[in-house]
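# Structural overview
One-letter residues, chain by chain:
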Amino acid sequence: MNQAPGNVISLLRSSFQKIFPMVDEEINYWRNRAEQIPDKELRSQAIASIDSKKFHCQGGGAYALLAGENAKTAVRFIVAYQTISDYLDNLCDRSTSLDPHDFRLLHLAMKDALNPDNKELKNYYRLRENQNDGGYLTELVGTCQQILEELDGYSTIIDQVWKLEGMYADLQVHKHVTVEERIPRLTSWYEEDKEKAPELSWYEYSAAAGSTIGIYCLVSYTLGGKMDSNISQIIYNGYFPFVQGLHILLDYYIDQQEDMVEGDLNFCHFYSDDQQMKERLIYFIKQSNKHVKQLPDRKFHELIVQGLVGLYLADEKLEQVRGSEEMCKALLKASGNTAKFINFTIKFYHKMENS
């Protein structure tokens, strides 16, 4: 498949028939691997991160459609990298540790996964009590490294990939420390970096830093042999901050109730009220659509933006979010008929899966 899908029917057909089965195969491998982790706490966090966040891999997997004949390799990379991300997020969220050095060391795994030259094995758990994962995390890192090592043209995207990963790692460190430290750390980080996205608030910037989809887009395009340093920068500008910001704000929007129960930081809670949040999310939708117009395969990226809205607003967690019915209506209207169609299709898919 050399042509990225340009309409919603071909995108959904390709995703359901081609990509999701590949994603399932990779997830099953890593879930079996997670079940073999000797340490009980690490094992339970690894399994929980896979079981509760499978749709992250499915959503990210759509980018494999940009990789043409190398779609399977793209899926392998995306699932392995996303599994690292979700696992580490669980370890930091549900951890007894509140040590920023521990979080920084853990997230070095995400940087190493993008650096095929760095083969020196590290103990990413050195600063925490639970350590014996039976080689699970280093195998995930090694899988990503092996794919990137064999990737022609990786040097053309490495600057953008590392920039996106650097912001992601900074965010994960700052947002998981003690409750009193989180906001001061995040706001001063934003003050240092805000020239990257001056039109955003500190919590919107944090959201934009928290997405991995820009990395998946860059790697998949490179696997499809469609990359040069000029396109690499265009994709970076197309995805950061608005598409990535929209992605994570929607993710936080559906997690509001869960985060309140768990005491996790949720960036949607910093809007003054639902009205402001609705206006800003609509702003992110419009800006995302505007920025992806510059990209190659423009229609595909527009579908991704509409797909993000349709996918997240089909989540069952929304039943617990106050005022979600009105919010969903407004966001789907702002996104257009394609988002509504995707939303309906995903809800139907969930219903069939659960029946």
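In case you missed it, the structure is sitting above this.
Residues numbered from 1 in each chain as written. Predicted model: local features only at pLDDT ≥ 70, side-chain atom pairs only at ≥ 80, totals over all residues. Heavy atoms only, no water.

## Examining the pattern of salt bridges
Tallied over the entire structure, the rule returns 21 salt bridges. For Asp 255, the salt bridge identified is with Lys 317, shortest N-O distance 2.7 Å. Placement of Asp 255 in the loop between α12 (242–254) and α13 (256–262) and of Lys 317 in the loop between α15 (298–312) and α16 (324–335) is noted, with a sequence separation of 62 residues between them. Residues Glu 302 and Lys 293 are paired through a salt bridge, measuring 3.3 Å at the closest nitrogen-oxygen approach. What makes Glu 302 buried here is its relative accessible area of 15%. Where salt bridges share partners, they join Arg 31, Glu 35 and Asp 51 into one cluster. (Salt bridge = Lys/Arg side-chain N within 4 Å of Asp/Glu carboxyl O. Helix = DSSP H or I, 4+ residues; strand = E, 2+ residues; numbered from the N terminus. Buried < 20%, exposed > 50% of the residue type's maximum accessible area, 1.4 Å probe, protein only.)

## Considerations on the packing of aromatic side chains
Considering all chains together, one arrives at 23 aromatic pairs under this definition. Centre to centre, the rings of Phe 77 and Tyr 81 are 5.6 Å apart; their planes meet at 15 degrees, and the pair counts as stacked. Within this pair, Phe 77 and its partner Tyr 81 are both found in helix α4 (residues 71–93), separated by 4 residues, close to a single helical turn. Pair check on accessibility: Phe 77 and Tyr 81 agree, each one buried. Centroid distance Trp 202 to Phe 270: 4.7 Å. Interplanar angle 65 degrees. Geometry classified as edge-to-face. With Trp 202 in helix α9 (residues 202–209) and Phe 270 in the loop between α13 and α14 (274–292), this residue pair connects regions lying 68 residues apart in the sequence. For Phe 270, a relative accessible area of 27% translates into the label partly exposed. Taken together, the aromatic side chains of Trp 202, Tyr 203, Tyr 252, Phe 267, Phe 270 and Tyr 271 make up a single cluster linked through ring pairs. Its end group placed over the ring of Tyr 236, Lys 163 keeps NZ or CZ at 4.9 Å from the ring centre. (Phe/Tyr/Trp six-rings, centres within 6.5 Å; stacked < 30°, edge-to-face > 60°. Lys NZ or Arg CZ within 6 Å of the ring centre and 35° of its normal.)

## Re the packing of helix α1 (residues 8–35) against α4
Interaxial distance between α1 and α4 falls to 9 Å at its minimum, and their mutual angle equals 45 degrees. As summarised for this structure, α1 and α4 are arranged oblique, according to the angle between their axes. Here α1 and α4 pass one another in a crossing that is right-handed. Judged by residue contacts, Lys 18, Ile 19, Met 22, Val 23, Glu 25, Glu 26, Ile 27 and Trp 30 of α1 engage Ala 71, Lys 72, Val 75, Arg 76, Val 79 and Ala 80 from α4. Across the contact of α1 with α4, the residue classes tally to 9 nonpolar, no polar and 5 charged. (Axes fitted to C-alpha atoms, helices over the stretch in contact; angles between N-to-C directions. Parallel < 35°, antiparallel > 145°, perpendicular 65-115°, else oblique. Left-handed = near helix turned anticlockwise from the far one by under 90°. Contact = heavy atoms within 4.5 Å. Nonpolar A, V, L, I, M, F, W, Y, C, P; charged D, E, K, R; others polar.)

## A word on the nonpolar core
Formed by 124 residues in total, the largest nonpolar core has its most connected members in Tyr 63, Phe 77 and Ile 84. With sequence-adjacent residues up to four places away left out, Ile 84 is seen in contact with Ala 109, Met 110, Ala 113, Leu 137, Leu 140, Val 141 and Cys 144. (Core = buried A, V, L, I, M, F, W, Y, C linked by side-chain atoms within 4.5 Å.)

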